[in-house]
Amino acid sequence: MMEMPLLQILEERGGAARPRDIYGEVAERLNLDPEIRNERKTCTGQDYAVFDQQVRWTRQTLVAKQLVAGDRGIWELTDKGREKLTRVARGKVVLVYSLDNGLAFLAHAEEAAGAIAPESLSLIMTSPPYPVVNREYGRFTVPEWLDWMSGLVGLWRDLLRDDGTLAVNVMDVFQPGTPSLSPYVERFTLDAIDRHGLHLAGRMNWHNPSKLGAIEWAIKRRVTPRNTLEHILLLSKTPNPAWDTRRMPAEPYAERSASQLASDARRASARRPGGYDINEAAFARKGEGRIPSNLIISGGVGGGGTYARRCRDAGLSLHPARFPEGIPRRVIQLATAPGEIVYDPMAGSNTTGKVALELGRQFISSEPVLEYVQGSAFRFDQRNDFRAYPISA
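## Quick look at the nonpolar core
- Met 149, Trp 156, Leu 166, Tyr 184, Phe 188 and Tyr 343 are the most contacted members of the largest nonpolar core, which has 35 residues in total.
- Sorting elements by how many residues they give to this core places helix α7 (residues 142-159) first, with nine residues.
- Not counting the four nearest positions on each side in its chain, Tyr 184 is found in contact with Tyr 130, Pro 131, Val 142, Trp 145, Leu 146, Val 170, Met 171, Asp 172 and Val 173.
- Of all hydrophobic cores here, the second largest spans 32 residues; its members include Trp 206, Ile 232, Leu 357 and Leu 370.

In structure tokens, the structure reads:
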């Protein structure tokens, strides 16, 4: 599970890095619980960090596979290791597998948009890599991320039906060297509204109780709480997208005692302290449960399950940033009707496509990393309508 993230981190750092600069970022990409990240043990009188030792063991495994070289002080990516990180060439869109109601492309999001009919999608649901504010981590800076995503939003807008929805999963990041949050989420939202004419139709929040806190600020210095929330921004082409909460599972009513219910019945006036005159009959329990909320509570995704097992058996790396099925399930139910098309332009292990099919929708997915697309096929290849195609990246 650590092999692909470790190779990617080395590539992003120019092909080589010191071990002490890698441990924390591997933990972050795997979304480890703080207790696991900080676990220590003693063996023959020597105290050691369990997770750091696991990373070192992963490095040793990669050395045996000739994917990493170098001594223990500097870890280097080999040519064979770079080949394992194969990404599709720019400008190419390759169909890797299909089903009667699904298409999976090997492609960057920019090129994949050109292979999809305009105004054909009811939902675009994706979780892009989030930005970090220091180039040494090898990812986008915030300004680069905002520029890149603005370009994609412009492409995606043209693919949506007039009543369609764009759902983007993002999380907070810190300003350089401080525990203050970057306002990039707000800037992205305003750019989608002001530049591309989209509407902020709503938000959902994903609460992950096991989410790892910021290592520097929450764990080491203890100056900020552990942030367990990520955001799902819901943007639409019109102020009234085709949403229907009746497609979502109802939530159970809160427990109320017999005395509470009797007190409600004896209430002399339905006028509330805020001045509203409430029709109590309109709020009577009808048996179907409460209206669904916009809060999703789910832990992260572990290394178990059929997808993970089959990837390991095939020697393929697990995608390190898989989100739980409950996230796309809730958004798909709200924003689409059965038979409509859902697209994930940064599909990873294609959780979105799997859930879309289970809910009776069609899916399109695109992902630029060949190994991740190959692994995602394990979610579907037991189906009778699964078809695989020769790959030329």
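This is not the end of the story, as more comes after the structure.
## Comments concerning the pairing of strand β13 (residues 341-344)
- Relative to β13, strand β8 (residues 121-126) is paired through two bridges, and the arrangement is parallel. The residue of β13 that forms the bridge with Ile 124 is Tyr 343.
- As a crossover connection, the stretch from β13 through helix α13 (residues 351-358) into strand β14 (residues 362-367) is right-handed.

## Some points on the environment of Leu 166
- Tracing the sequence through the fold places Leu 166 in strand β9 (residues 160-170).
- Put simply, Leu 166 and Leu 200 are 34 residues apart on the chain and 9.7 Å apart in space, counted from C-alpha to C-alpha.
- Setting aside residues up to four positions removed in sequence, Leu 166 forms contacts with Ile 124, Val 153, Trp 156, Leu 160, Leu 198, Leu 233, Leu 234 and Leu 235.

## Quick look at the packing of helix α12 (residues 326-335) against α13
- Between α12 and α13, the shortest axis-to-axis distance is 9 Å and the interhelical angle comes to 50 degrees. It follows from the interaxial angle that α12 and α13 lie oblique. The interaxial crossing formed by α12 with α13 has right-handed handedness. Across the interface between the two elements, Pro 328, Arg 329 and Ile 332 from α12 touch Thr 351, Thr 352, Val 355, Ala 356 and Glu 358 from α13.

## Some remarks on the side chain of Gln 333
- Along the chain, Gln 333 falls in helix α12.
- Discounting residues that sit within four places of it in the chain, Gln 333 has contacts with Asp 244, Arg 247, Met 248, Pro 249, Leu 359 and Arg 361.

## With respect to the sheet that holds strand β1 (residues 16-17)
- The sheet built from three strands is open, its strands ordered β1-β5-β4 with antiparallel pairing. Every other strand in the sheet has two partners, leaving β1 and β4 (68-69) as the edge strands with one partner each.
- Of the strand pairs in this sheet, β1 and strand β5 (residues 75-77) are connected by two bridges, and their pairing is antiparallel. When the bridges of β5 are listed, Ala 17 appears paired with Trp 75.
- Each of β1, β4 and β5 touches helix α1 (residues 3-12); the most contacted strand, β5, lies at about 90 degrees to it.

What counts and how
Residues numbered from 1 in each chain as written. Predicted model: local features only at pLDDT ≥ 70, side-chain atom pairs only at ≥ 80, totals over all residues. Heavy atoms only, no water. Core = buried A, V, L, I, M, F, W, Y, C linked by side-chain atoms within 4.5 Å. Buried < 20%, exposed > 50% of the residue type's maximum accessible area, 1.4 Å probe, protein only. Helix = DSSP H or I, 4+ residues; strand = E, 2+ residues; numbered from the N terminus. Contact = heavy atoms within 4.5 Å. Pairing = 2+ DSSP bridges. Right-handed = clockwise from strand over helix to strand, strands pointing away. Axes fitted to C-alpha atoms, helices over the stretch in contact; angles between N-to-C directions. Parallel < 35°, antiparallel > 145°, perpendicular 65-115°, else oblique. Left-handed = near helix turned anticlockwise from the far one by under 90°.

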